[in-house]
Amino acid sequence: MALEHAILVSLLEKPGSGYELARRFERSIGYFWTATHQQIYRVLGRMESDGMLAVRTVPQQGRPDKKEYSVAAPGRAALARWLHEPIEPESLRHDLAVKIRGAAFEDPASLIGEVERHQQAHRDRLARYLAGELRDFTGPGAPAPLDAGQELQHVVLRGGIAQERMTIAWLDDVLATLHRLGRTAPPPVNG
């Protein structure tokens, strides 16, 4: 997926400025597709030049005017084409998994701190996902019933929640294994 597609989806959900779009990436879409503010602004400029986005100047008091982006017809058409293209299932490329396998040639317990760091990062992400779910979909201030767009946003978030829970459970298993092997492992093979 190109950043352009993530931007198109976000702007179809709600038009906004480059700054607002970057904030949305940090809050929601960024959980699944990351981009720096600079990347977003660069791609917005290119998409505007290509006619995929419409831009409206919004005057502001005491600050420079801001550009508010929305999706133009060519942008909608590009997204529609992409939605109908098949994509390859994601491959699992996981540096930590390779490190864990490599621990067989070193002291397995030496990875405990690194695995704990990863586990905390996943716990933190799960907490953010759950807070977002409560805020946007299941809490007292959430709209009821959800519209189709909100239902699809929620199902993606539920996938992220399930993924984080699975990863935390796997890292629990990894830690238990590293602790057990750290006590029983023979000295590392050198040479």
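Basis of the calculations
Residues numbered from 1 in each chain as written. Predicted model: local features only at pLDDT ≥ 70, side-chain atom pairs only at ≥ 80, totals over all residues. Heavy atoms only, no water. Helix = DSSP H or I, 4+ residues; strand = E, 2+ residues; numbered from the N terminus. Rg over C-alpha atoms; globule rule 2.2 N^0.38 Å. Buried < 20%, exposed > 50% of the residue type's maximum accessible area, 1.4 Å probe, protein only. Axes fitted to C-alpha atoms, helices over the stretch in contact; angles between N-to-C directions. Parallel < 35°, antiparallel > 145°, perpendicular 65-115°, else oblique. Left-handed = near helix turned anticlockwise from the far one by under 90°. Contact = heavy atoms within 4.5 Å. Nonpolar A, V, L, I, M, F, W, Y, C, P; charged D, E, K, R; others polar.

Going by the annotation in an unreviewed UniProt entry, the name recorded for the protein chain is PadR family transcriptional regulator, with Streptomyces yangpuensis given as the source organism.

Peer 1: Could you give me a rundown of the overall build of the protein chain, with the residues and numbers involved?
Peer 2: Across its full length, the protein chain holds 7 helices and 2 strands. Mapped from its N terminus to its C terminus, the protein chain presents α and β elements in the order α-α-α-β-β-α-α-α-α. For 191 residues, the compact-globule estimate of 2.2 N^0.38 gives 16 Å, and the C-alpha radius of gyration of the protein chain, at 22 Å, exceeds that figure by more than 25%. Principal-axis analysis of the C-alpha atoms gives the protein chain an extent of 70 × 45 × 40 Å. Across the 191 residues of the protein chain, 30% fall into the buried class.

Peer 1: Kindly report on unusual backbone geometry, identifying the contributing residues and their values.
Peer 2: Geometrically, the link from Ala144 to Pro145 is a cis peptide bond, its omega value of -5° lying close to zero. Here Pro145 lies in the loop between helix H6 (112-138) and helix H7 (148-184).

Peer 1: For the packing of helix H2 (residues 18-27) against helix H3 (residues 37-49), give the residues involved together with the corresponding values.
Peer 2: One can describe the packing of H2 onto H3 by two numbers: an axis separation of 10 Å at closest approach and a directional angle of 130°. One element, H2, and the other, H3, form an angle in the oblique class. As H2 packs across H3, the resulting crossing turns out to be right-handed. Between H2 and H3, the residues in contact are Gly18, Tyr19, Leu21, Ala22, Phe25 and Glu26 and His37, Ile40, Tyr41 and Leu44, respectively. Residue composition of the contact of H2 with H3, grouped by class: 7 nonpolar, 2 polar and 1 charged.

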